[in-house]
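Here is what each chain is made of, one letter per residue.
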Amino acid sequence: MNKLYLTKTDGIYDSLDRILTELTGEKQTILRTEKGKPYINGNPVYFSISHSKEYGAIAVCDRPVGVDLEVFAGKDRQAVISRLPLCEREEITCENDFLSHWTAREAFIKMTGGTLAEDFKSIAYCGGKMYFDGVLQPCELFKYVLDYGIVTVCTGDKI
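Every value quoted in this text rests on a predicted model; they were computed, and no experiment measured them.

A. Spatial organisation of the overall build of the chain. Check the secondary structure of the chain and you find five helices and eleven strands. Whereas a compact globule of 159 residues would reach a radius of gyration of roughly 15 Å, the chain reaches 16 Å, a difference of no more than 12%. Viewed in the frame of its principal axes, the chain has a C-alpha envelope of about 50 × 35 × 25 Å. For the chain, buried positions account for 43% of its 159 residues. When contacts within the chain are restricted to residue pairs at least 6 apart in sequence, long-range pairs at least 24 apart make up 53% of them. Carbon and sulfur atoms form 50% of the exposed surface of the chain, whose accessible area is close to 8,500 Å². Charged side chains in the chain number 19 positive and 23 negative. The centres of these two groups are separated by 1 Å.

B. View of the pairing of strand S7 (residues 123-126). Residue alternation in S7 divides its side chains into two sets, Ile 123 and Tyr 125 and Ala 124 and Cys 126, and both sets are buried. Taking the residues between adjacent antiparallel strands as the criterion, S7 and strand S8 (residues 129-132) are bridged by two residues, where Gly 127 takes a positive phi near 60°.

C. Quick peek at the environment of Ile 58. Relative to the helices and strands, Ile 58 is located in strand S5 (residues 55-61). Residue Ile 58 is classed as buried on the basis of its relative accessible area of 1%. Spatially, the C-alpha atoms of Ile 58 and Asp 68 are 9.0 Å apart, while their sequence positions differ by ten residues.

Cut-offs used in this document
Residues numbered from 1 in each chain as written. Predicted model: local features only at pLDDT ≥ 70, side-chain atom pairs only at ≥ 80, totals over all residues. Heavy atoms only, no water. Helix = DSSP H or I, 4+ residues; strand = E, 2+ residues; numbered from the N terminus. Rg over C-alpha atoms; globule rule 2.2 N^0.38 Å. Buried < 20%, exposed > 50% of the residue type's maximum accessible area, 1.4 Å probe, protein only. Contact = heavy atoms within 4.5 Å. Areas by Shrake-Rupley, 256 points an atom, 1.4 Å probe, with all protein chains shown as cover. Lys, Arg positive; Asp, Glu negative; His and termini not counted. Charge placed at Lys NZ, Arg CZ, Asp CG, Glu CD. Pairing = 2+ DSSP bridges.

The structure is reproduced here in structure tokens:
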């Protein structure tokens, strides 16, 4: 099972509660890891949420999952791009490319339960594959280009 729900930012947590209740058959208490990753204790449903401006995304899966949504904004991203590995800088030629890379990185971090501050320099997203400390990661990435932005879902092996 790998489901993506698109919603508005307002009410995203109500939507998450409704979705989790429908999938599990009862209202769930959402807990958080030490680094802030939300989870349900003792339940095999994994989930992740993201929002950007007025848009939101919820990913639900039977294995670890992370989702990131970014809205097109027409911003100059050179300061961030200059901090990426060469293989990524060579692949980024426009905002769509940048957001594809950024959402893949964020979705991976959310899936693993890491943090952007700790993991940014260790990640490389090159040729459609995710690397951590130079090692190819066993994850799947699903990118969706919408009228208003890009959503990437990352799924990994069961913990």
